[in-house]
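Inside the fold
Each chain, written out:
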Amino acid sequence: MASDDFDKQARQMGSGQGFIAALDQSGGSTPKALRLYGVTEDQYDGEEAMFAEIHAMRSRIITAPDFTSEKVIGAILFERTMRGQIDGKPVAQLLWKDRSIVPFLKIDKGLADKENGVQLMKPIDGLDQLLADAKGFGIFGTKERSVIHEANKTGIEAAVAQQFEVGRAVIAAGLVPILEPEVDIHSETKAEAEEMLRDAIARHLDTLEGDETVMLKLTIPDVEGQYDGLADHPRVLRVVALSGGYSTDEACERLARQGKMIASFSRALTEGLSKQQSDDAFNAALRANIDKIYTASVAG
């Protein structure tokens with residue numbers, strides 16, 4: 001990627017008005033995403049057919065009239081999507097060149113078993129090659145997810161340390177990592193876990209060098225302004241929020257109270273969309289979701 005493109009994308013991520021669309025459902029979550037889209041398991045045969053269906057869904061979203069940088073400033077892709085094409089163009093290229101939307105890549109390979117109240121990322125085999133490939137496709141940054149289930153200091157520190165370890169590898173490859181230590185919205189100790197997470201992230205941010213920059217993708221916190229200090233940290237480009245299972249309306253209502261977070265929603269973005277809809281109905285439903293999420297992202 002040309003350095004002027006990278007710099008322009010960094011500025012858009014740092015201060016652009018809008019949100020990041022998460023279009024990165026992986027193999028494990030794809031059947032559920034397809035069911036919500038009106039495509040049940042009996043309508044496709046095998047993994048390749050399943051991924052073809054989800055690619056068609058993502059293509060329909062990406063090429064919709066309202067899916068532009070006017071409100072959607074970035075999009076997170078699944079690896080298969082990055083390696084695929086839409087309208088004969090590599091997806092990351094179409095996003096940036098045609099839509100002015102900054103492309104990201106999900107790089108984690110799923111979650112390990114729960115230990116000390118958290119699920120760390122599984123090892124990411126072939127990470128260096130994947131990052132080199134992403135750079136070649138014109139990807140700006142990456143996203144990697146782990147999950148915190150309870151307020152356990154040992155577990156939370158391990159999750160944050162792992163996120164920063166992977167993040168440094170991403171930075172070394174010339175990309176910007178989105179670190180995503182998600183806090184489970186159903187956790188009985190969610191608010192306490194979020195305090196511990198904030199403090200752990202702040203400590204690790206202070207270990208970054210002057211030219212090392214990360215983004216953070218965090219569950220919408222219970223306390224208003226919980227992550228404002230992280231958003232203001234000089235090593236943080238942006239703090240974005242995951243919807244975490246909240247409905248679109250509830251996620252947007254909660255996000256609107258967080259003045260220094262913007263959305264990076266997945267399921268909330270696609271709520272109410274179905275394969276059976278006409279293009280007009282599909283585009284109208286997507287427009288309504290984009291408008292809701294955009295409004296919540298720029299509130300405050």
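Residues numbered from 1 in each chain as written. Predicted model: local features only at pLDDT ≥ 70, side-chain atom pairs only at ≥ 80, totals over all residues. Heavy atoms only, no water.

**Observations concerning the packing of aromatic side chains**
- Taken as a whole and judged by the stated rule, the model has four aromatic pairs.
- With centroids separated by 5.7 Å and ring planes inclined at 20°, the aromatic side chains of Phe-51 and Phe-78 adopt a geometry described as stacked. With Phe-51 in helix H3 (residues 47-62) and Phe-78 in the loop between strand E2 (72-77) and helix H4 (79-83), this pair connects stretches of sequence that are 27 residues apart.
- With a relative accessible area of 8%, Phe-51 lands in the buried category.
- Exposure remark for Phe-78: the relative accessible area of 12% places this residue in the buried category.
- Pairing Phe-104 with Phe-140 gives two aromatic rings, centres 5.6 Å apart and planes at 90°, and the pair type is edge-to-face. Taken together, the residues Phe-104 in strand E5 (residues 102-106) and Phe-140 in the loop between helix H6 (127-137) and strand E7 (141-148) connect sequence positions 36 residues apart.
- For Phe-140, a relative accessible area of 0% translates into the label buried.
- Taken together, the aromatic side chains of Phe-6, Phe-104 and Phe-140 make up a single cluster linked through ring pairs.
- For Arg-60, the ring lying beneath its charged end belongs to Phe-282, and the centroid distance is 4.1 Å.
- Above the face of the Tyr-294 ring, Lys-71 is positioned so that its terminal group lies 5.4 Å from the ring centre. (Phe/Tyr/Trp six-rings, centres within 6.5 Å; stacked < 30°, edge-to-face > 60°. Helix = DSSP H or I, 4+ residues; strand = E, 2+ residues; numbered from the N terminus. Buried < 20%, exposed > 50% of the residue type's maximum accessible area, 1.4 Å probe, protein only. Lys NZ or Arg CZ within 6 Å of the ring centre and 35° of its normal.)

**Some points on the nonpolar core**
- Counting 80 residues, the largest nonpolar core has Phe-67 and Phe-265 as its most contacted members.
- For Phe-67, the residues in contact, after removing those within four places along its chain, are Ala-21, Leu-23, Ile-61, Ile-62, Val-72, Ala-75, Leu-95, Arg-99, Ile-101 and Ile-290.
- Counting residues in hydrophobic clusters, the runner-up holds 14 residues, among them Ile-76, Trp-96, Phe-140 and Ile-178. (Core = buried A, V, L, I, M, F, W, Y, C linked by side-chain atoms within 4.5 Å. Contact = heavy atoms within 4.5 Å.)

**What about the environment of Val-176?**
- Assignment of secondary structure puts Val-176 in strand E8 (residues 176-183).
- Counting along the chain gives 172 residues from Val-176 to Asp-4, while the straight-line C-alpha distance between them is 15 Å.
- Ignoring anything within four residues of it in the chain, the contact list for Val-176 reads Phe-6, Phe-104, Phe-140, Gly-141, Thr-142, Val-170, Thr-213, Val-214, Met-215 and Leu-237.

**Section: the pattern of salt bridges**
- A complete count under the given rule lists 26 salt bridges for this structure.
- Linking Asp-291 and Lys-71 is a salt bridge whose minimum nitrogen-to-oxygen distance equals 2.6 Å. Taken together, the residues Asp-291 in helix H12 (residues 279-298) and Lys-71 in the loop between H3 and E2 connect sequence positions 220 residues apart.
- We classify Asp-291 as partly exposed; its relative accessible area is 29%.
- Where Lys-143 meets Glu-180, a salt bridge forms, and the shortest distance between an N and an O atom there is 3.1 Å. With Lys-143 in strand E7 and Glu-180 in strand E8, this pair connects stretches of sequence that are 37 residues apart. For the residue pair Lys-143 and Glu-180, the accessibility class agrees, reading buried in each case.
- Within this structure, Lys-190, Glu-194, Asp-222, Glu-250 and Arg-254 form a network of salt bridges that share partners. (Salt bridge = Lys/Arg side-chain N within 4 Å of Asp/Glu carboxyl O.)

No statement about biological role is implied by the geometric values presented.
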